[in-house]
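Listed below are the residues making up each chain.
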Amino acid sequence: MAHGPYTHVSMSIDPGQRPRIGISFYASITQARARVLESGRPYLVLESDEADVTVSATGAGPVTTDDLDIARQIFNAAARYLADCERIHAEHTQATDSAA
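Quantities reported herein were computed from a predicted structural model and do not represent experimental measurements. Numbers given to residues run from 1 along each chain, matching the order in which its sequence is written. For a predicted model such as this one, the threshold for reporting local features is a pLDDT of at least 70, and the threshold for listing and counting side-chain atom pairs is 80 or more; totals across whole chains, interfaces and linings nevertheless cover every residue. The side-chain figures draw on all heavy atoms in the structure; neither hydrogens nor water molecules are used.

A.B. asks: Residue-level account of the overall build of the protein, with values.
C.D. replies: Starting at the N terminus, helices and strands are each numbered in turn, a helix being any DSSP run of H or I of at least four residues and a strand any DSSP run of E of at least two. The helix and strand inventory of the protein stands at 1 helix and 5 strands. Secondary structure elements of the protein occur, N-terminal to C-terminal, as β-β-β-β-β-α. In terms of C-alpha radius of gyration, the protein reaches 18 Å, well past the compact-globule figure of 13 Å for 100 residues. Sorting the 100 residues of the protein into buried and exposed places 10% on the buried side. Summarising the internal contacts of the protein: among those between residues at least 6 apart in sequence, 9% fall at separations of at least 24. Surface summary for the protein: the accessible area is close to 8300 Å², and the carbon and sulfur share equals 56%. Charge separation in the protein, taken as the distance between the mean sites of 8 positive and 13 negative side-chain charges, equals 6 Å. Taken over C-alpha atoms, the radius of gyration is set against a globule rule of 2.2 Å times the number of residues to the power 0.38. Burial classes: relative accessible area under 20% of the type maximum marks a residue as buried, over 50% as exposed, and values in between as partly exposed (1.4 Å probe, protein chains only). Any two residues whose heavy atoms approach within 4.5 Å at even a single point are treated as in contact. Method for areas: the Shrake-Rupley scheme with a 1.4 Å probe, in which residue coverage is limited to the protein chains shown. Under this rule, positive means Lys or Arg and negative means Asp or Glu; His and the chain ends count for nothing. Taken as the charge location is NZ of Lys, CZ of Arg, CG of Asp or CD of Glu.

A.B. asks: Before we move on, can you summarise the pattern of salt bridges with the specific residues and values?
C.D. replies: Here, a salt bridge means any side-chain nitrogen of Lys or Arg that lies within 4 Å of a carboxyl oxygen of Asp or Glu. Summed over all chains, the structure comprises 4 salt bridges. Across the pair Arg 87 and Asp 84 runs a salt bridge, and its minimum N-O distance is 3.6 Å. Residue Arg 87 and its partner Asp 84 are located together in helix H1 (residues 65-99), separated by 3 residues, close to a single helical turn. Note on Asp 84: relative accessible area 37%, which makes it partly exposed. Put simply, Asp 84, Arg 87 and Glu 91 are held in one network by salt bridges that share partners.

A.B. asks: Account for the layout of surface pockets, with residues named and values stated.
C.D. replies: Rolling a probe over the atoms, with the probe sized like a water molecule, indicates the empty space that remains. Grid points spaced at 1 Å over the protein atoms alone were grouped into cavities, where a 1.4 Å probe fits but cannot get out, and pockets, open sets with protein on both sides within 12 Å along at least five of seven lines, with lining residues defined by an atom within 4 Å of a point. Grid points are joined across faces, edges and corners, and a volume is the space filled by probe spheres set on the points. The volume enclosed by the largest pocket comes to roughly 360 Å³. For the largest pocket, the full set of lining residues is Phe 25, Ala 27, Ser 28, Ile 29, Leu 44, Leu 46, Ile 74, Ala 77, Ala 78, Tyr 81, Leu 82 and Cys 85. Going through the elements one at a time, strand E4 (42-48) and H1 are the ones with two or more residues in the lining of the largest pocket. Sorting elements by how many residues they give to the lining of the largest pocket places H1 first, with 6 residues. Classifying every residue of the lining of the largest pocket by side-chain character gives 11 nonpolar, 1 polar and no charged. Lining the second largest pocket are 16 residues; nearest its centre among them are Val 55, Ser 56, Ala 57, Asp 67 and Ala 71. At the level of elements, strand E3 (29-36), E4, strand E5 (52-56) and H1 are the ones that each hand at least two residues to the lining of the second largest pocket. Considering every element that reaches the lining of the second largest pocket, the biggest residue donor is H1, with 6 residues. Gly falls in the polar group here, along with every residue not listed as nonpolar (Ala, Val, Leu, Ile, Met, Phe, Trp, Tyr, Cys, Pro) or charged (Asp, Glu, Lys, Arg).

A.B. asks: Which residues make up the environment of Ala 27, and what values go with them?
C.D. replies: Here Ala 27 lies in the loop between strand E2 (20-26) and E3. Through-space distance from the C-alpha of Ala 27 to that of Ala 99 is 26 Å; in sequence the pair is 72 residues apart.

A.B. asks: Describe in detail the side chain of Thr 7, supporting the description with residues and values.
C.D. replies: As for its position among the elements, Thr 7 is in strand E1 (residues 6-12). Here a polar contact is recorded for every N or O atom pair within 3.5 Å, except that within protein the pair must consist of a potential hydrogen donor and a potential acceptor, and residues adjacent in sequence are included only if both atoms are side-chain atoms. Of note is the side chain of Thr 7, whose polar atom sits 2.8 Å from the side chain of Glu 50.

Take a look at the structure:
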């Protein structure tokens, strides 16, 4: 079964609750970038053909201690994701080479 890239977006609105939006990228991210605006506010963007997700400082204001904690969590999660992708890719390549 071939798996093509896609982006899944969902939204749930429950009475008395804040709306919740979920965006899942399944190998369709076309770009990941981080920059600092002229105002001094840092931001991170994940882009696909179907959706963009931007992460920035709380309330688009000055960087807080909580913002630093979230940035560290993003960094650590991305490092784990990279390591897992590299490991699984190497295992797949090795299995494919062994079968040939």
